[in-house]
Amino acid sequence: MKESSERGKSGLIFEIQRMSTEDGPGIRTTLFVKGCPLRCGWCHNPESLSRKPEVLWIGVRCIGCGRCAGACPTGALAFTENGVSIDRALCRGCGTCAGVCPSTAMELVGVERDAEGLLLELIKDRSYFEKSGGGVTVSGGESTMQADFVANLLGMLKREGIHTAVDTCGLCAPEVLEKMLPFTDLVLYDLKEIDPGLHRNFTGSTNQKILENLKYLCSYAENHIFPREIWIRTPIIPGATDRDENIEGIGLFLASLPAGAVARWELCAFNNLCGDKYTRLGMIWEYAGRKLMTSSEMERLACIARNSGVRPAIVSWTGAVRDGGSSPGMGAENITGTCRP
């Protein structure tokens, strides 16, 4: 993607997900952009990590015609006993193979789209937004990796009267984050791990800049109309972030922020449905085989969060659990801190 003053006019995206109820209030359309500065071992969108287009082979769709290999201009594709093999060092992500594949077994992930064209597509869902109190969320990957484009698109959406949200890991310069804030109703801010050493082990980076930027964000929100709300999201990963001391530590940090700065703290249960994505990218997923959390485990961690010093009513947990229990979800505002010690 071009690094120039024209960058804000277009961005590299890999998915538009409609009818989402997990990325902010109401029914939402979530736009996923490519590129992320972190390398979280549990990432459920591995196709978002690279800032370049990538090709996936979806074996169940393949009819073995061989057109993809014959069309590849760099010779990156070959047939093996296990199906199509992609030499990632040779693949340029040009999408020629996807263009000739008759069964859509070859899929190009990452397409350059101009902001004006995306706006026309996103506002098609306006009636859902208006009836449900929803809107558009920009996620990824990492939204700040394409801040000029995201800010441009968010500004267009705000002029259309549409609620906007940005999902960020917070690993960026404050001035990069600030580009998007004047057009953002809601910031979904990830706090994964409070221990800086473990944060580096889990994600490839310490959390110092992330914690500093959250303080900056809270200060910014106090002195500006936008953003109107900040929600914290913590992924609960078995064997990693699901430790009691991690949740308590994050809670203590949140409690140190200005009163009322954080409107919601959401504990997001581990998602193990992304294994096939890693296979299609030729990657090994270190969390393959990990089980989902149980509802009792999630509620216990939520109780720790509610007793950590934050206002108990802001805490909720969401996501699928292996015992079929239900999460409080987006209606968690009425939960009180009546947890047993």
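In the block above lies the structure referred to throughout.
Trainee: Residues and numbers for unusual backbone geometry, please.
Mentor: Omega for the peptide link from Gly-140 to Gly-141 comes to 15°, which places this bond in the cis form. Note that Gly-141 resides in the loop between β8 (135-139) and α5 (147-159). Its identity is not glycine, yet Met-19 carries a phi of approximately 60°, on the positive side. Phi is positive for Thr-104, which is not a glycine, with a value near 60°.

Trainee: Please give an account of the sheet that holds strand β2 (residues 28-33) that cites residues and values.
Mentor: With mixed pairing, 9 strands are arranged side by side in an open sheet as β7-β1-β2-β8-β9-β10-β11-β12-β13. Each edge of the open sheet carries a strand with a single partner, namely β7 (111-114) and β13 (315-318). Between one strand axis and the next, the sheet turns by 30° as a mean value, whatever way the strands run. Examined bridge by bridge, strand β9 (residues 163-168) and strand β10 (residues 186-190) share 4 bridges and lie parallel to one another. Bridging from a neighbouring strand, Thr-168 pairs with Tyr-189 of β10. Against the sheet, helix α8 (residues 208-222) touches β10 and β11 (229-236), its axis set at about 160° to β10.

Trainee: Could you give an account of the environment of Ser-85, with specific residues and numbers?
Mentor: For Ser-85, the location among the structural elements is in strand β5 (residues 83-86). Through-space distance from the C-alpha of Ser-85 to that of Leu-188 is 37 Å; in sequence the pair is 103 residues apart.

Trainee: I'd like to hear about the environment of Ile-162, residue by residue, with values.
Mentor: Within the fold, Ile-162 resides in the loop between α5 and β9. It is 8.4 Å that separates the C-alpha atoms of Ile-162 and Glu-130, two residues lying 32 residues apart in sequence. Here Ile-162 is in contact with Ile-123, Arg-126, Phe-129, Gly-135, Val-136, Leu-157 and Asp-185, once residues within four sequence places are set aside.

Definitions and limits used
Residues numbered from 1 in each chain as written. Predicted model: local features only at pLDDT ≥ 70, side-chain atom pairs only at ≥ 80, totals over all residues. Heavy atoms only, no water. Helix = DSSP H or I, 4+ residues; strand = E, 2+ residues; numbered from the N terminus. Pairing = 2+ DSSP bridges. Axes fitted to C-alpha atoms, helices over the stretch in contact; angles between N-to-C directions. Contact = heavy atoms within 4.5 Å.

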